[in-house]
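Residue-level listing of the chains:
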Amino acid sequence: MVEQPLSSRRRVLFVCGVTMLLTLPVLALNQYISHTRYNEADAWLFSYYGREIARGGILFEQLWDNKPPGIFWINALGSWVSAGSRAGTIAFCAAAALGACGLVFAMARRLYGGSAASVITIIASIYLYLDYYHVGCNRPSTFFVLAELAAFMFYCRSFGPAKSPSFSLLLAGVCAGISFWFKQTSLAVAIGVSIHVVFLALGGAMSPAMIVRRLLIFAGGWWLSIAAAITLLWATSNLAWAWHAVFAFNVELLDSQSRRLTWFGLSELRYTMTLPLVLAAATLVFPIVRWVWGVEPRPADRSPGLRPPGLLVLLWAWMIAAVVLALLGPDRRLHYWGIALPPLVMLAGHGVHLLLNAGRVQGVERPTIYQVVALLWLAFMLLTPIQSQVRAALSYRWHAQDDPKQRRVMDLAQAVRERSAPDETMFVWGYEPRIYWASDRPPAIRYIGTEKTRRDPSGSRFMAEICRLVIQAKPKVIIGRPTQWTVSPQHPHHHALVTFREWVETRYRQVDRDNLVAVWVRAE
């Protein structure tokens, strides 16, 4: 191995140090927002389920949700290492954020060089972790973003003078499979890689035997990861219930929705992601302009041997697949676009590379006024998302404790603790997992409230099952109000809710009530 000159080493260390100094405050701001926001209901669900799993609860059979198991396993491990608190999971979220930015820096340095890597990592630390998309929170997006970036990095490492390209390709498949542990639609990087391999085959860049070999190795890694998840579910859960929750329920849900692609959230995406969208678009416009104007030579490459052939095809295939998968979601929720953030950021990084190298002529730096203006505009555009994050942090800091709904949640949790023993069960009508977490009582049934019934693809079956299970379980405490169980005779849940209300009013007594909710304790 050739030793780097001392000046080169110092330059690398300097670039790494500057990048860390600029990205760490941005990530710290994101982590503060992610774990202090009071309207993050799902994060409390994952924390509560993770703690129950660490105590021996069975995922999907006793603790049901229609998410893949990865986020619950992360929370269970975090609860275990931190003795039942959220500290372990918060540490994992912070590590995932740091790891994702580290992967971006490593990939960008390999593909484009140190200076570009620094700028690209700063952009990634800002735009991957805007609070709109829940990346960085205790959400699946935090971890599938990390896994997809890792898959992309290992796939790129399988080209060029790698010591073990097959092993890198296998790891790329494994990481792409791990991303599927966290979200059913996290298939974008696997689709992008497959399209890229087909492109190489059509372009004659590799022999047919090599193409088939690469596809088989990547697919083998993907299936190896899936097999590991199935084995872990078989050992710790119920495979039948897992299949129903992760796939069957969601297929029914999609069947009950319109099959038409819905272009939701595009206005919000345009306003929040202007800079990376423009940089990504530049990667398409620049080759066209160069071809029309005959601009030569091309921007100098750092080292063509380190870059996959057809890199833009790979990035755009990844991006298009992610956009289509985001649009297929059953609801119009902005955070669904989180799956498109990794390819968008990497495309923006390629745009940064083109911008920084636009003044190179025969390897000599000749910056133009256009470059200077573009770089100043880039720096100016970064101020808007940072200001948005700061405002969000201040909002959560000053208003979280003053929110009457959150105070009421804590009062209800205190009422549950005072009127039940640690091993006695509870049930909350609606969807308020923070009450479960703060009460520290086991759930009466496998469903944590009735949130999924509003999207129930099976009509009244889901609600009827919840009412039946709660009546059988006879929880010590029920939280809900009678108006939630009063519906018109034409309502599909009418019979189940009337039966449930009569049972509660006969067997339970109210001990606390306001305009929003009541606490019912089982009469002994």
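1. Some details on a nonpolar patch on the surface
Here is step 1: There is a patch of nonpolar side chains on the surface, built from Ile369, Tyr370, Val372, Val373 and Leu376 and spanning about 560 Å² of accessible area.
Here is step 2: Here Ile369 is to be found in helix 15 (residues 369–399).

2. Some thoughts on empty space enclosed by the protein
Here is step 1: Enumeration over the complete set of coordinates arrives at one cavity of 30 Å³ or more.
Here is step 2: Of the volumes computed, that of the largest cavity is approximately 90 Å³.
Here is step 3: Lining the largest cavity are 13 residues, with Tyr447, Ile448, Gly449, Glu451 and Lys452 positioned closest to its centre.
Here is step 4: Residues belonging to the lining of the largest cavity are distributed by class as follows: seven nonpolar, three polar and three charged.

3. Observations concerning the environment of Gly70
Here is step 1: Examined against the element boundaries, Gly70 turns out to sit in helix 3 (residues 70–81).
Here is step 2: In sequence terms Gly70 and Phe143 are 73 residues apart; their C-alpha atoms lie 8.6 Å from each other.
Here is step 3: Setting aside its immediate chain neighbours within four residues, Gly70 contacts Trp181 and Phe182.

4. With respect to the packing of helix 4 (residues 87–112) against helix 5 (residues 114–127)
Here is step 1: Between helix 4 and helix 5, whose axes approach to 8 Å, the crossing angle comes to 150°. Compared by their axis directions, helix 4 and helix 5 come out roughly antiparallel. Helix 4 and helix 5 meet at a crossing whose hand is right-handed. Between helix 4, through Cys101, Val104, Phe105, Ala108, Arg109 and Tyr112, and helix 5, the contact on the second element is made entirely by Gly114, Ala116, Ala117, Ser118, Ile120, Thr121, Ala124 and Ser125.
Here is step 2: Residue composition of the contact of helix 4 with helix 5, by class: nine nonpolar, four polar and one charged.

5. Focus: helix 7 (residues 165–182)
An α-helical segment advances 3.6 residues per turn. Residues three or four places apart therefore align on the same side.
Here is step 1: Between its first and last C-alpha, helix 7 extends 27 Å over 18 residues, near the 26 Å set by a 1.5 Å rise per residue.
Here is step 2: Taken residue by residue, helix 7 has Ser168, Leu169, Ala172, Gly173, Val174, Cys175, Ala176, Gly177, Ser179, Phe180, Trp181 and Phe182 as its buried positions.

6. Thoughts on unusual backbone geometry
Here is step 1: At Phe60, a position not held by glycine, the phi torsion is positive, near 75°.
Here is step 2: Along the chain, Phe60 falls in the loop between helix 2 (41–54) and helix 3.
Here is step 3: Using a relative accessible area of 0% as the deciding quantity, one classes Phe60 as buried.
Here is step 4: Even without being a glycine, Asp440 presents a positive backbone phi close to 60°.
Here is step 5: Of the residues examined, Asp440 reaches a relative accessible area of 27% and is grouped as partly exposed.

7. Structural notes on the sheet that holds strand 6 (residues 518–522)
Here is step 1: The four strands are arranged 3-4-6-5 in an open sheet whose pairing can be described as mixed. What marks the edges here is a single partner per strand, and that holds for strand 3 (426–428) and strand 5 (508–513). Each adjacent strand pair in this sheet contributes to an overall mean axis angle of 20°, direction not counted.
Here is step 2: Taken together, the four bridges between strand 4 (residues 477–480) and strand 6 define a ladder with antiparallel strand orientation. Opposite Ile478, over in strand 6, you have Trp520 as the bridge partner.
Here is step 3: The strands touched by helix 19 (residues 494–507) within the sheet are strand 4, strand 5 and strand 6, with strand 5 carrying the most contacts at an inclination of about 85°.

8. Considerations on the side chain of His196
Here is step 1: When you line up the elements, His196 lands in helix 8 (residues 188–203).
Here is step 2: Looking at His196, its side chain comes within polar contact range of the side chain of Tyr155, at 2.7 Å.
Here is step 3: A polar atom in the side chain of His196 sits 3.3 Å from the backbone oxygen of Gly310.
Here is step 4: Non-local contacts of His196, meaning those with residues more than four positions away in its chain, are made with Tyr155, Phe159, Pro308, Pro309, Gly310 and Leu314.

9. Examining helix 6 (residues 140–157)
Here is step 1: The first and last C-alpha atoms of helix 6 sit 26 Å apart over 18 residues, in line with the 26 Å expected at 1.5 Å per residue.
Here is step 2: Where burial is concerned, most of helix 6 is hidden: 16 out of the 18 residues are buried.

What counts and what doesn't
- Residues numbered from 1 in each chain as written.
- Predicted model: local features only at pLDDT ≥ 70, side-chain atom pairs only at ≥ 80, totals over all residues.
- Heavy atoms only, no water.
- Patch = residues over 30% accessible without salt bridge, like charges linked within 9 Å, V, L, I, M, F, W, Y side chains within 5 Å.
- Areas by Shrake-Rupley, 256 points an atom, 1.4 Å probe, with all protein chains shown as cover.
- Salt bridge = Lys/Arg side-chain N within 4 Å of Asp/Glu carboxyl O.
- Helix = DSSP H or I, 4+ residues; strand = E, 2+ residues; numbered from the N terminus.
- 1 Å grid on protein atoms, 1.4 Å probe; cavity = no way out; pocket = protein on both sides within 12 Å on 5 of 7 lines; lining within 4 Å.
- Points joined across faces, edges and corners; volume = space filled by probe spheres on them.
- Nonpolar A, V, L, I, M, F, W, Y, C, P; charged D, E, K, R; others polar.
- Contact = heavy atoms within 4.5 Å.
- Axes fitted to C-alpha atoms, helices over the stretch in contact; angles between N-to-C directions.
- Parallel < 35°, antiparallel > 145°, perpendicular 65-115°, else oblique.
- Left-handed = near helix turned anticlockwise from the far one by under 90°.
- Expected span 1.5 Å × (residues − 1).
- Buried < 20%, exposed > 50% of the residue type's maximum accessible area, 1.4 Å probe, protein only.
- Pairing = 2+ DSSP bridges.
- Polar contact = N/O pair within 3.5 Å; in protein donor to acceptor, adjacent residues only side chain to side chain.

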